[in-house]
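# Examining the three-dimensional arrangement
The lines below spell out each chain.
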Amino acid sequence: MPEEKEKARAQRLEWEKNELKEFQRRQPEAKDRYETASGIPVHRVYTPEDAVPFEEVGLPGQFPFTRGPYPTMYRGRTWTMRQIAGFGTGEDTNRRFRYLIEQGQTGLSVDFDMPTLMGYDSDDPVSEGEVGREGVAIDTLDDMRALFDGIDLEKISVSMTINPTAWILLAMYVALAQERGYDLNKLSGTVQADILKEYQAQKEWIFPIRPSMRIVRDLIVYSARNLARYNPINISGYHISEAGANAVQELAFTMCNAVAYLQEVTQAGVPVDDFAPRLAFYFVAQQDFFEEIAKFRAARRCWAKIARRFGAKKPESMRLRFHCQTAAATLTKPQPMNNVVRTALQALSAVLGGCQSLHTNGLDEAYAIPSEMAMKIALRTQQIIADETRVAQVADPLGGSWYVESLTKRIEDEVFATLDKVETMGGTVRAVEQGYFQKEIADTAYRTVRKKASGELPVIGVNKYVDPPRQEQIEIHKIDPEVEHRQIARTRDVRRKRDASRFGALLDLVEKEARDPSANLMPVTVDLVKAGATMGEIVSRLKNVFGTYVETPVF
């Protein structure tokens, strides 16, 4: 290997001295510096000088899992095609789910409206005008029944994009499964539940950080003991990226959060191998094609090494499995059909990077919730990649590329440097409280906006190849204006019909158990939603115990 590198170096130097120098005299390069979207310098050409030792690359399904979590990868099972959907009432979204399943979707993903995300019932004055607009409204177990009506939850994987109220949504899901007589160990899917990235990036929170971490711990421990195939958390870099972080920051900050969750659960006395196999991740597929592929590969290697540091022995604990979504922040209102191309290329990078499930964005998402037409095109994009391009025939087809391997190693090194820095700050929670992540993301977002404004960062149709102003002719999904009234009526009907004494006793019990740090909130929450409790009532009672979070300015 050293001899090969030395030979490659000599050949490159000779080439630069002769052919390259002469050619550059006649045709200079366009820029003095080339770099990835994260600012990593990019060489003109890569050679065996940039090779990485094979043991760091390895084989699919083996530590350090750089090349994929499973030996056969897509030959054994194509990634789950999981288009996200959510609007109006449970019935409205259920119709969209059925449509997508008819079109060949293989997993469900639920988006919830803002009141549900923030723990307010639909009839709360704070919710006025927001019910069912940006996702589906879920107040009670009745709404969950409508959402999954006619759908066999033992046969289809369900992902729920919910964070501060994640434990209540999972409790409703469990209660519905028990009501239908399902085996809980046959349920598959994910509840997002990654609260740390909310304080860093997405800004949807209810309780202070430390009580919120306790709730995440309860979710993970309950799931490890009762839901053998369900992922109790989706540790998410997607929202960190959408807030403005670059690819290296997205991965590094996600791994910082993962370490914090490992610490939280293991400190409660649960061995890492008892729960780590069901931890899942969620990343974005951004625009820099090769950097994104390298990011996904580096993510697997970083996680394998981190899990081993925490004492993991099982391969399943060290296998990083991730859902991927194409980048909503890259979609533009001008020339919206360009978004189909952007999404296709981002989806391809996710597949070449080895994702386990994938959502492709609708071309109209810069305007509204995607229409059925847009969702069908987005799903067909995945199906064309899977069935027509043959890229899924080979595990990690870019493995061994001098460029990709070099970039993977550079990203890995940057991630561990950030982990070391955060550790010196007292860990992830302390770094959030000090505003470290928030400032890093904001600074990167500002630099990106400046580059787009100046044209240094091209956006086709926006600052380059711009059309004259005109009204774009695309189908736009419209929300039924009666959604709010229908949803409020059902929520109030549930309150009228429930057993008030049982409901009251369970509400007192959840407050009592919240005051006991050793108690797990999941069992009593399952009982509460079965008794007709609304999400807002549970959250309101726990605010008496935990208080609410107010962000401290850090800039």
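Within each chain, residue numbers correspond to sequence positions counted from 1 in written order. Owing to the predicted nature of the model, reporting of local features is limited to residues with pLDDT of at least 70; listing and counting of side-chain atom pairs is limited to 80 or more, with chain, interface and lining totals taken over all residues. Derived side-chain values reflect all non-hydrogen atoms in the structure, with water molecules and hydrogen atoms excluded from consideration.

### Let's talk about the overall build of the chain
Across its full length, the chain carries 22 helices and 10 strands. The atom set for the radius of gyration is the C-alpha atoms, and the globule formula is 2.2 Å times the number of residues raised to the power 0.38. Taken against the 2.2 N^0.38 rule, which gives 24 Å for 555 residues, the C-alpha radius of gyration of the chain at 24 Å falls within 12% of a compact globule. Counting over 555 residues, the chain shows a buried share of 56%. Of the roughly 23900 Å² of accessible surface on the chain, 51% is carried by carbon and sulfur atoms. Counting 72 positive and 77 negative side-chain charges, the chain places the centres of these two groups 3 Å from one another. Secondary structure elements are defined from DSSP: runs of H or I of at least 4 residues count as helices, runs of E of at least 2 residues count as strands, and each element is numbered from the N terminus. The buried label applies to any residue whose accessible area, calculated with a 1.4 Å probe on protein chains only, is under 20% of its type's maximum; exposed applies above 50%, and partly exposed to all values in between. Reported accessibility uses the Shrake-Rupley method at a 1.4 Å probe radius. Residues are deemed covered only where the shown protein chains occlude them. Two residue types count as positive, namely Lys and Arg, and two as negative, namely Asp and Glu; His and chain ends fall outside the count. To locate a charge, take NZ of a lysine, CZ of an arginine, CG of an aspartate or CD of a glutamate.

### Re the layout of surface pockets
Each pocket or cavity is described by its volume, and for the largest pocket that value is around 1400 Å³. Residues are said to line a cavity or pocket when one of their atoms sits within 4 Å of a point; the points come from a 1 Å grid over protein atoms alone, cavities being sets where a 1.4 Å probe fits but cannot get out and pockets being open sets with protein on both sides within 12 Å along at least five of seven lines. Contributing to the lining of the largest pocket are 43 residues, with Ala37, Gln287, Asp288, Thr448 and Leu457 lying nearest its centre. Listing elements by their share of the lining of the largest pocket, those giving two or more residues are helix H9 (238-242), helix H10 (247-266), helix H12 (289-309), helix H14 (338-352) and helix H18 (436-454). Top contributing element to the lining of the largest pocket by residue count: H18, with seven residues. Its residues assigned to classes, the lining of the largest pocket shows 17 nonpolar, 13 polar and 13 charged. Grid points are joined across faces, edges and corners, and a volume is the space filled by probe spheres set on the points. The residue classification treats Ala, Val, Leu, Ile, Met, Phe, Trp, Tyr, Cys and Pro as nonpolar and Asp, Glu, Lys and Arg as charged. All others, Gly included, are polar.

### Topic: the pattern of salt bridges
We count a salt bridge whenever a side-chain nitrogen from Lys or Arg sits within 4 Å of a carboxyl oxygen from Asp or Glu. Evaluation of the coordinates by the stated rule reveals 43 salt bridges. Between Asp413 and Lys409 there is a salt bridge; the shortest N-O distance is 2.7 Å. A residue pair is termed a helical-turn pair when its members lie 3 or 4 positions apart in one helix, as Asp413 and Lys409 do in helix H16 (residues 402-424) at four residues. For Lys409, a relative accessible area of 28% puts it in the partly exposed group. Among the ionic pairs, Glu537 bridges to Arg495, the shortest N-O distance being 3.2 Å. Residue Glu537 is located in helix H22 (residues 535-546), and its partner Arg495 is located in helix H19 (residues 483-497); the two are separated by 42 residues in the primary sequence. Glu537 gets classed as buried once you look at its relative accessible area, which sits at 17%. For Arg495, a relative accessible area of 23% puts it in the partly exposed group. Residues joined by salt bridges that share partners form a network here, namely Asp121, Asp123, Arg492, Arg495, Arg498 and Glu537.

### Observations concerning the sheet that holds strand E3 (residues 107-111)
Strand pairing is defined by DSSP finding a minimum of two bridges between the two strands. In space, the five strands of this open sheet follow the order E2-E3-E4-E5-E6, with parallel pairing throughout. Of all the strands in the sheet, just strand E2 (84-85) and strand E6 (230-231) have a single pairing partner and so form its edges. Judged from the two bridges that link them, strand E5 (residues 189-191) and E6 form a sheet pairing that is parallel. The residue bridging Gly189 from the neighbouring strand is Tyr230, located in E6. With respect to the sheet, helix H6 (residues 166-179) is in contact with strand E4 (157-161), E5 and E6, its orientation differing from that of E4 by roughly 150°. We call two residues in contact when some of their heavy atoms are within 4.5 Å. Angles here are taken between N-to-C directions and fall from 0 to 180 degrees, while the axes themselves are lines fitted to C-alpha atoms, restricted in helices to the stretch in contact.

### Concerning the pairing of E4
By the criterion of burial, E4 is predominantly enclosed, with five of the five residues buried. Side-chain alternation along E4 places Ser157, Ser159 and Thr161 on one buried face and Val158 and Met160 on a second face that is also buried. Strand direction decides the pairing type here: E3 and E4, joined by five bridges, are parallel. Bridge pairing links Leu108 to Val158 in E4. One ladder, built from three bridges, connects E4 with E5; its direction is parallel. Each residue of the ladder has a partner; that of Met160, found in E5, is Val191. Regarding topology, H6 serves as the crossover connection from E4 to the parallel E5, and that connection is right-handed. Whether a crossover is right-handed comes down to one check: with the strands pointing away from the viewer, does the path from the first strand over the helix to the second run clockwise; if it does, it is right-handed.

### Observations concerning H16
Across its 23 residues, H16 extends 34 Å between first and last C-alpha, which sits within 8% of the 33 Å expected from 1.5 Å per residue. Residue Gly426 follows H16 closely and has a positive phi angle near 105°. To estimate how far a helix should reach, multiply one less than its number of residues by 1.5 Å.

### Some details on the nonpolar core
In this text, buried Ala, Val, Leu, Ile, Met, Phe, Trp, Tyr and Cys residues form a nonpolar core when linked through side-chain atoms within 4.5 Å. Core analysis: the largest hydrophobic core is formed by 143 residues, its most contacted members being Trp79, Phe148, Met160, Trp167, Met255 and Trp303. Ignoring sequence-local partners within four residues, the contact set of Trp303 consists of Met255, Ala258, Leu262, Leu279, Phe281, Ser317, Met318, Arg319 and Leu320.

### A closer look at empty space enclosed by the protein
With the rule as written, the count across this model stands at four cavities of 30 Å³ or more. Taken as a whole, the largest cavity spans an internal volume of roughly 80 Å³. Lining the largest cavity we find 15 residues, and of these Tyr74, Val351, Leu352, Gly354 and Asp396 sit closest to its centre. For the lining of the largest cavity, the class distribution of residues is nine nonpolar, three polar and three charged. Its boundaries defined by the atoms lining it, the second largest cavity holds a volume of some 70 Å³. The wall of the second largest cavity is formed by Asn163, Pro164, Ala166, Trp167, Ala193, Ile195, Phe207, Ser212, Ile215, Val216 and Leu219. Of all elements in the fold, only H6 and helix H8 (209-226) reach the threshold of two or more residues within the lining of the second largest cavity. Per element, the largest residue contribution to the lining of the second largest cavity is four residues, and it comes from H8.

### Some points on the packing of H14 against helix H15 (residues 372-387)
At a minimum axis distance of 10 Å, the contact between H14 and H15 shows a crossing angle of 40°. It follows from the interaxial angle that H14 and H15 lie oblique. Here the hand of the crossing between H14 and H15 comes out right-handed. For the pair H14 and H15, the contacting residues are Val340, Ala344, Ala347, Leu348 and Val351 in the first and Ile377, Thr381 and Ile385 in the second. Roughly parallel means an angle under 35 degrees; roughly antiparallel, over 145; roughly perpendicular, 65 to 115; everything else is oblique. For a crossing to be left-handed, the near helix must be turned anticlockwise from the far one by less than a right angle; the clockwise case is right-handed.

### Quick word on the pairing of strand E8 (residues 279-285)
Burial analysis of E8 places seven of its seven residues in the buried class, which makes it a mostly covered element. Burial along E8 is two-sided: Leu279, Phe281, Phe283 and Ala285 facing one way and Ala280, Tyr282 and Val284 facing the other are all buried. Looking at chain direction, strand E7 (residues 233-236) and E8 are connected through four bridges and run parallel. Bridge assignment links Ser236 to a residue of E8, and that residue is Tyr282.

### A few points about H10
If you check H10, its first and last C-alpha atoms are 29 Å apart, about what 20 residues at 1.5 Å a residue would give, namely 28 Å. Under this definition, polar contacts are N or O atom pairs within 3.5 Å; protein pairs additionally need one hydrogen-donor-capable and one acceptor-capable atom, and for neighbouring residues in sequence, both atoms have to be side-chain atoms. Backbone nitrogen of Val248 and a side-chain oxygen of the N-cap are separated by 3.1 Å at the start of H10; the cap is Asn246.

### With respect to the side chain of Gln83
Mapped onto the elements of the fold, Gln83 is located in the loop between strand E1 (80-81) and E2. Given a relative accessible area of 0%, Gln83 falls into the buried group. In this structure, Gln83 is in contact with Leu100, Gln105, Gly107, Ser109, Leu358, His359, Thr360, Met375, Ala378, Leu379 and Gln382, ignoring residues within four places of it in sequence.

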